[in-house]
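# Examining the three-dimensional arrangement
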Amino acid sequence: MLRTRDGVAIDAAYDPGGAGPEGPVIVLAHGFTGDLERPHVRRAAAVFAQRAAVITFSFRGHGRSGGRSTVGDREVLDLAAAVEWARALGHARVVTVGFSMGGSVVLRHAALHRGRTEARTDAVVAVSAPARWYYRGTAPMRRLHWVVTRPTGRMVGRLGLRTRIHTKDWDPVPLSPVEAVPLIAPTPLLVVHGDRDPYFPLDHPRMLAEAAARGGAGAELWLEPGMGHAEHAASDALLERIGAWAAAAGAAQ
């Protein structure tokens, strides 16, 4: 169990992979309703472990972690705790890889933890991430907003999805992913998105890539034919490519 700066207990696990503490470590940030024990999260972690050490953790309100989900806001503190743990284990180079909600978190984390802090990241991968908040342009996102904003929906989240959701609205509204991206430079950034994502259409990754260009460093953009949304839709082959990119970016000095 890790402890965040606002006092939430976060369940986390470490796999040294084949690299050991002298090599890079990938910190995997799962999507909404996931946790480190979910099969799709464990599958991604196992593929990444072929290239680097891997830390997985459960966001607040998910799995055995404490607290309640704020759907991408204070989750930045959860990721920061995991990155700090990675550095305490001896890893000098840390790469954050996030899926869906976790993708928004890795982008915001990189922007908010720049400089030489122990919570900084050395490279970022956002998979199936939203570019902006409050998006309701697809049926899955309208259902998700019902789960998050309605008492009955939150009960469904708790009982059916094993996700405990905070009852309060954001106040203030946090920095959005597209606002965060220009602040990430010069940290390397990879944006991955499927062209059949039922949650977020292709304008989201393109907005993120354009924002990265405004920041001066740009982003590598992979638009994956036939891919749906997040960890569930990522094939082993795609995860291997992401792991290779992350390991190379993490090894760069």
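Here's a quick rundown of the structure. Residue numbers restart at each chain and count upward from 1, following the sequence in its written direction. This being a predicted model, a pLDDT of at least 70 is required before a residue's local features are given, and a value of 80 or more before pairs of side-chain atoms are given or counted; all residues contribute to the totals for chains, interfaces and linings. Side-chain measures here rest on the full set of heavy atoms in the structure, leaving out hydrogens and waters.

### Considering the nonpolar core
For our purposes a nonpolar core is just a set of buried Ala, Val, Leu, Ile, Met, Phe, Trp, Tyr and Cys residues, chained together by side-chain atoms within 4.5 Å. We call a residue buried when its accessible area falls under 20% of the maximum for its residue type, exposed when it is over 50%, and partly exposed in between, using a 1.4 Å probe and counting protein chains only. Counting residues in each nonpolar core, the largest one holds 42 residues, and the members touching the most others are Val27, Phe57, Leu107, Val181 and Leu208. The contacts of valine 181, once residues within four sequence positions are left out, are Leu107, Leu189, Leu208, Ala211 and Ala212. By size, the runner-up hydrophobic cluster in this structure holds 28 residues, among which are Phe48, Ala52, Trp222 and Ala234. The criterion used for residue contact is that any of the two residues' heavy atoms lie within 4.5 Å.

### Focus: the sheet that holds strand 3 (residues 12-15)
If you trace the seven strands from one edge of the open sheet to the other, you get 3-5-4-6-7-8-9, paired in mixed fashion. Edge positions in the sheet fall to strand 3 and strand 9 (220-224), since each of these pairs with one other strand and no more. Strand after strand, the sheet turns through a mean of 15° between neighbouring axes, direction not considered. For helices, the axis comes from a line fit to the C-alpha atoms of the stretch in contact; other axes are also lines fit to C-alpha atoms, and the angle between any two N-to-C directions lies between 0 and 180 degrees. Runs of H or I in DSSP of at least four residues are treated as helices and runs of E of at least two as strands, each being numbered from the N terminus. Sitting on the sheet, helix 3 (residues 101-112) is in contact with strand 4 (25-29), strand 6 (94-99), strand 7 (123-127) and strand 8 (189-194), with an inclination near 145° to strand 6. When DSSP finds two or more bridges between two strands, those strands count as paired.

### Remarks on the pairing of strand 9
With five bridges connecting them, strand 8 and strand 9 associate as parallel partners. Each residue of the ladder has a partner; that of leucine 190, found in strand 9, is glutamate 220.

### Some thoughts on the packing of helix 1 (residues 39-48) against helix 9 (residues 236-251)
Following both chains from N to C, one finds helix 1 and helix 9 inclined at 50°, their axes separated by 9 Å at the closest point. When the axis of helix 1 is compared with that of helix 9, the two are oblique. The handedness of the crossing between helix 1 and helix 9 comes out as right-handed. Mapping the contact onto sequence places Arg43, Ala44, Val47 and Phe48 in helix 1 and Asp236, Leu239, Glu240, Ile242 and Gly243 in helix 9. Think of it as three bins: nonpolar holds Ala, Val, Leu, Ile, Met, Phe, Trp, Tyr, Cys and Pro, charged holds Asp, Glu, Lys and Arg, and polar takes everything else, Gly as well. A breakdown of the residues in the contact of helix 1 with helix 9 according to their chemical character gives five nonpolar, one polar and three charged. With respect to orientation, any angle under 35 degrees is reported as roughly parallel, any angle over 145 as roughly antiparallel, any angle of 65 to 115 as roughly perpendicular, and every other angle as oblique. The handedness criterion is simple: a crossing whose near helix is rotated anticlockwise from the far helix by less than a right angle is left-handed, and one whose near helix is rotated clockwise is right-handed.

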